[in-house]
Amino acid sequence: MFQVRIHGRGGQGVVTAAEMLSVAAFLEGKHAQAFPSFGSERTGAPVVAFCRIDEREIRLREPIQTPDAVIVQDPTLFRALDVTEGLKPDGYLIVNTARSFADIHIEARAARLPPGHAFAVPATEFALKYVNRPAPNTALLGAFAAEVGIVSLDSVLEAIRRAFPGKVGEANVEAARAAHALIGARAAAQLSGAHVDA
Amino acid sequence: MLEQIEGSKAMARAIALCRPQVVCAYPITPQTHIVEGVGDLVRAGELKDCEFINVESEFAALSVAIGASAAGARAYTATASQGLLFMAEAVYNAAGLGLPIVMTLGNRAIGAPINIWNDHSDAMALRESGWIQLFAETNQEAADLHILAFRLAEELSCPTMVCVDGFILTHAVERIDIPDQASVDAYLPPYEPVQSLDPADPISIGAMVGPEAFTEVRYLQHFKHQKALDLIERLSADFAARFGRVAGGLLRSYRAEDADLVVVAMGSINGTIKDVIDEMREDGLAIGLVTLTTFRPFPARALNAALERARDVLVIDRALDVGMGGPLASHVAIALRDLPRPPRLHSAIAGLGGRPTPKTSLHRLFRQATTQPWEGPHFLDLNEAVIAREIHRRSKARRAGPTAEAILKQMEIERVARLERSAS
Amino acid sequence: MTQLPLDGAQKLKFYQKGTLTVGNRLIDEAERTVQASAARSNALTSGHRACKGCGEALGARYAIDAAMKATGGQLIAVNATGCLEVFTTPYPETSWQMPWLHSLFGNAAAVATGVAAALRREGRDHVRVVAQGGDGGTTDIGFGCLSGMFERNDDVLYICYDNEGYMNTGVQRSSATPPAARTATTPALGPEPGNVFGTGKFVPKIAVAHDIPYVATASVADLHDLEAKVTKAMGFRGARYIQIHVPCPLGWGAASHDTIRLARLAIETGLFPIFEAEAGRITHVRKIRRALPVIDYLRPQRRFAHLLRGGQIDPRVARIQAIADRHIADYGLVEESAA
């Protein structure tokens, strides 16, 4: 079972992100369970959503305590709560930011993970560029597909199209592609030693 | 057809497939998506011949359903928690009149203190009303049980509530098979009322019944529930034959045949418990589970058959009968009395007001049941420090203020302290 | 169908002149009341257990027979808990010769909504629905459901039999109880005996404020008017409300033969205004020929006896008169006399 925990603030599409991820897994014939941490919904309040992915039926129903991956849609949350609590020692951390981990004071935390398991993705910037809205969730899922590999990019893109029909869907697809490509380029650059900008 | 879909939406689709004719509900978390889902299907023309009525309270919601059902229409409503209590009078009324209304109960805690999260206190509050109460373990079962519920209710002329854990099931998106209309039509025939308001054959429904006859009327309701024990199993078997999967029935056993300790629970917590049982079995512990899917009528005989070989039974309640303990535990205790060598009974209260019931806590609880058994109900993951502090605080001054707020304040202080510690 | 033209001048005026019969034999057969016909439905038939002189039994018989005539017998009644429900269905008997449903005290309007919806779904909406209850079940505990039914414009005629108190449970005060009236919960004790002034509500006005298709008040003292209004109401679709003033001899402490006389006095003093409204506007008012002083109405009722103790007239009688005068002014109840 692969467990993903997504942190963000109300209005950033955190719950939709978890749902889209679960749809992507479903399209590949997997079982997936997505659910929010429930609370009074107000924009700006911290929100957590969860997604479990497995080859077999998922029976477990509890908030994800030991995620295999944590996606952080809003880096200001690092000051508000321990978003990486329980993250497995070999887990993945994907943070929505155009700045470096050092700039947002999480370099030490990221360094505790194996090399290549922590990524900063300028998802909001991609979203503004392609979708004209600061909703980073689809770009982050594109990056997730590249980095973690538990669902393919094609499945993620189809899940995005199902969540956002028409032009809005296509625009979000572009944002996801761009983030996916960035991760791919960085991974290649790491192998070759070059540095890649967004 | 398999879909990745929110539990509420799947339920809405299943309900629509049952061809309800009058749907009336008042919004309350966490049932809103179900009713909105049905409403959307009516507006989109997918659910035809159905009137969707926006009522002004839960009391009105069930009252509209009562009128519709008495006039021969298949009626549906949904509520939770406070809403169920607000319609409590009508809940008893519907059962007493024998109207086959189906209602979804999105299980949620009852205030005060106000709490929108999941536990079973609402279902427990009206367990004596005469309604049949079915509990879904998964979202697939939640959808399927509605189809079974309409048929059950109408064959018996007894209202039926399908209990679905609020948020945990209603708001989870997962893989669910939505049946097709033809299959549902084959399972669920059109509603044929036992009584109906019709000028061509006028009757009076709802007369006052005095001491000379009330007991007999009530006894016949009880008799109906006894019939339901058998009917539920037959309808569940028929469902399995037609749809190829298990839904409902009285109860299910999981690795309980050779178990020394058997856990008994209702609702979605059973999924988590199964994972724990598999892990403990790997450690060599003889542990099993009985999942109760029918709570009313209470299947005492079937339960005893499932539990008689166990040495210990641990009942997990998702509700508290204040001043008494776990309501499900009380039921199981009474049933077990009929066994010649009844197992030892342990009672745990878990997940009140939506508190998570993590595997780690359940592991501890299950081991403790046999190694360090307790008396009375054990409250899972009770924050004893907070309790002790609050009891002490209240003893100091008469004007101690509201308990809930004091506890919240205390917990916030602790949370901030923890955050500061982890940051440094 | 009985139909009197209610706009403008009435063809006939009936004046009480000593006999207690209204002269049906004097008018055209087509204009006789439903009650005058041997072929009336008797939907509420004899054998019920109402008190001697019960105004509600009378009002219900009048209203439902008229509704049955208007709908060709295609009518279902939903009844709130109360006197009418209790005295018409003493188990194992029923006095109702029509389909009848009693659910709870406060939900008659909502239950009726459900019945109407079911009939529409079954393609049987030529069958009409009447909801009925006393003032307790309508103005108090049933108020929420009533307003909901109005607001949705559900196809239900709600009839409230207003006897100004919770009579079935022993004469307790409701929000329809008039000021100064003695009830079990507003006893004639203390500095202000009886019901308090400045409280209460008049639901017909609230019904009008919902802009529903038809609202009317009526009285058992005027059978023609009552039947005409019920008949007219059945000609509309949507939410309709009729409040019928029905004296309760037991609760009011009046003689059982005074029921109709008291109802007439309530009209002629101006205390119970008789009017009709459509879509939020008052369309017709029943004029009082000659306004009578309220004391004529209060005197025969023991629930007001404390206002007239020892031959003295309590100052609050003047306040009751002021209420009557206000109705007369607000509704224009008194006929304009020739200058």
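Use the structure listed above.
How each quantity is defined
- Residues numbered from 1 in each chain as written.
- Chains lettered and ligands numbered in written order.
- Predicted model: local features only at pLDDT ≥ 70, side-chain atom pairs only at ≥ 80, totals over all residues.
- Helix = DSSP H or I, 4+ residues; strand = E, 2+ residues; numbered from the N terminus.
- Expected span 1.5 Å × (residues − 1).
- Buried ≥ 20, exposed ≤ 12 C-beta atoms within 10 Å, placed from the backbone.
- Contact = placed C-beta atoms within 7 Å.
- Nonpolar A, V, L, I, M, F, W, Y, C, P; charged D, E, K, R; others polar.
- Pairing = 2+ DSSP bridges.
- Axes fitted to C-alpha atoms, helices over the stretch in contact; angles between N-to-C directions.
- Core = buried A, V, L, I, M, F, W, Y, C linked by C-beta atoms within 7 Å.
- Domains from an automatic or database assignment.
- Parallel < 35°, antiparallel > 145°, perpendicular 65-115°, else oblique.
- Left-handed = near helix turned anticlockwise from the far one by under 90°.

Re helix 2 (residues 32–43) of chain B
Residue and element names in this part refer to chain B.
Here is step 1 of the chain: Between its first and last C-alpha atoms helix 2 spans 16 Å; for 12 residues at 1.5 Å apiece the expected length is 16 Å, and the two agree.
Here is step 2 of the chain: His33, Ile34, Val35, Gly37, Val38 and Leu41 are the residues of helix 2 that are buried.
Here is step 3 of the chain: Where the residues of helix 2 are buried, they touch strand 1 (2–6), helix 1 (7–17), strand 2 (22–25), strand 3 (51–54), strand 4 (75–79) and strand 5 (102–107).
Here is step 4 of the chain: Looking one or two residues beyond helix 2, the residue adopting positive phi is Gly45, at roughly 80°.

What to know about the interface of chain B and chain C
Here is step 1 of the chain: Residue-level contacts link 37 residues of chain B with 37 residues of chain C.
Here is step 2 of the chain: Counting only elements with at least two residues in the side of chain B that touches chain C, the list comes to strand 3, helix 3 (58–70), helix 5 (88–97) and strand 9 (204–205) of chain B.
Here is step 3 of the chain: The element contributing the most residues to the side of chain B that touches chain C is helix 3 of chain B, with 9 residues.
Here is step 4 of the chain: Grouping the amino acids of the side of chain B that touches chain C by side-chain chemistry returns 23 nonpolar, 9 polar and 5 charged.
Here is step 5 of the chain: Here strand 9 of chain B pairs with strand 2 (residues 100–102) of chain C via 2 bridges, running parallel. Within strand 2 of chain C, the residue paired with B:Ile205 across the bridge is C:Leu101.

Focus on the interface of chain A and chain B
Here is step 1 of the chain: Each side of the interface is counted separately: chain A has 19 residues, and chain B has 20 residues.
Here is step 2 of the chain: If you list the elements that add at least two residues to the side of chain A that touches chain B, you get helix 1 (14–27) and strand 2 (31–36) of chain A.
Here is step 3 of the chain: Ranked by the residues each element gives to the side of chain A that touches chain B, the list is headed by strand 2 of chain A, at 6 residues.
Here is step 4 of the chain: Taken together, the residues of the side of chain A that touches chain B sort by class into 10 nonpolar, 4 polar and 5 charged.

A closer look at helix 6 (residues 153–163) of chain A
Count 3.6 residues to each turn of an α-helix, and residues three or four apart come out pointing the same way.
Here is step 1 of the chain: All buried positions along helix 6 of chain A are accounted for by A:Leu153, A:Ser155, A:Val156, A:Leu157, A:Ala159 and A:Ile160.
Here is step 2 of the chain: In this structure, the buried residues of helix 6 of chain A make contact with helix 1, helix 5 (137–148) and helix 7 (166–192) of chain A.

With respect to the sheet that holds strand 7 (residues 275–278) of chain C
Here is step 1 of the chain: The 9 strands are arranged 9(B)-2(C)-1(C)-3(C)-4(C)-6(C)-5(C)-7(C)-8(C) in an open sheet whose pairing can be described as mixed. Pairing within the sheet leaves two strands with one partner each, and these edge strands are strand 9 of chain B together with strand 8 (281–285) of chain C.
Here is step 2 of the chain: Relative to strand 8 of chain C, strand 7 of chain C runs antiparallel, the two sharing 4 bridges. Paired with C:Glu276 across the strands is C:His284, a residue of strand 8 of chain C.
Here is step 3 of the chain: Running over the sheet, helix 3 (residues 108–121) of chain C touches strand 1 (75–79), strand 2, strand 3 (128–134) and strand 4 (157–162) of chain C and is turned about 170° from strand 3 of chain C.

So, the nonpolar core
Here is step 1 of the chain: Counting residues in each nonpolar core, the largest one holds 300 residues, and the members touching the most others are A:Ala179 and C:Val115.
Here is step 2 of the chain: Each of two domains, domain 1 (2–243) and domain 2 (251–379) of chain B, supplies a minimum of three residues to this core.
Here is step 3 of the chain: Dropping the residues within four chain positions of it, C:Val115 is found in contact with B:Gly67, B:Ala68, B:Ala70, B:Ala71, B:Leu197, C:Ile76, C:Val78 and C:Val129.

Structural notes on the packing of helix 4 (residues 123–130) of chain A against helix 5 of chain A
All names here are of chain A.
Here is step 1 of the chain: With their axes 8 Å apart at the nearest point, helix 4 and helix 5 run at an angle of 120° to one another. Of the possible angle classes, the one that applies to helix 4 and helix 5 is oblique. Our pair here, helix 4 against helix 5, has a crossing hand that is right-handed. Side by side, helix 4 and helix 5 meet where Ala123, Phe126 and Ala127 of the first sit next to Ala139, Leu140 and Ala143 of the second.

Notes on the packing of helix 1 of chain A against helix 5 of chain A
All names here are of chain A.
Here is step 1 of the chain: For the pair helix 1 and helix 5, interaxial distance at closest approach is 9 Å and the crossing angle is 40°. On the basis of the axis angle, helix 1 is oblique to helix 5. Between helix 1 and helix 5 lies a crossing of right-handed hand. Across from Val14, Thr16, Ala17, Met20 and Leu21 in helix 1, the residues of helix 5 making contact are Asn137, Leu140 and Leu141.
Here is step 2 of the chain: Residue classes in the contact of helix 1 with helix 5 are distributed as 6 nonpolar, 2 polar and no charged.

Concerning the sheet that holds strand 4 of chain B
Residues and elements named next belong to chain B.
Here is step 1 of the chain: Ordered by their spatial adjacency, 7 strands build an open sheet running 3-2-4-5-7-6-13, and the pairing between neighbours is mixed. Here the strands that pair on one side only, and so sit at the sheet edges, are strand 3 and strand 13 (294–296). Going across the sheet, the axis of each strand differs from the next one's by a mean of 20°, ignoring polarity.
Here is step 2 of the chain: This element, helix 2, spans strand 2, strand 3, strand 4 and strand 5 of the sheet and lies at about 130° to strand 3.

What about unusual backbone geometry?
Here is step 1 of the chain: For the bond from B:Thr29 to B:Pro30, the omega torsion is 5°, close enough to zero to count as cis.
Here is step 2 of the chain: Structurally, B:Pro30 is set in the loop between strand 2 and helix 2.
Here is step 3 of the chain: Of the consecutive residues B:Gly111 and B:Ala112, the connecting peptide bond is found in the cis state with omega at 0°.
Here is step 4 of the chain: In this fold, B:Ala112 is placed in the loop between strand 5 and helix 6 (121–125).
Here is step 5 of the chain: Unlike most non-glycine residues, C:Asn153 shows phi in positive territory, near 55°.
Here is step 6 of the chain: Inspection of the secondary structure puts C:Asn153 in the loop between helix 5 (143–152) and strand 4.

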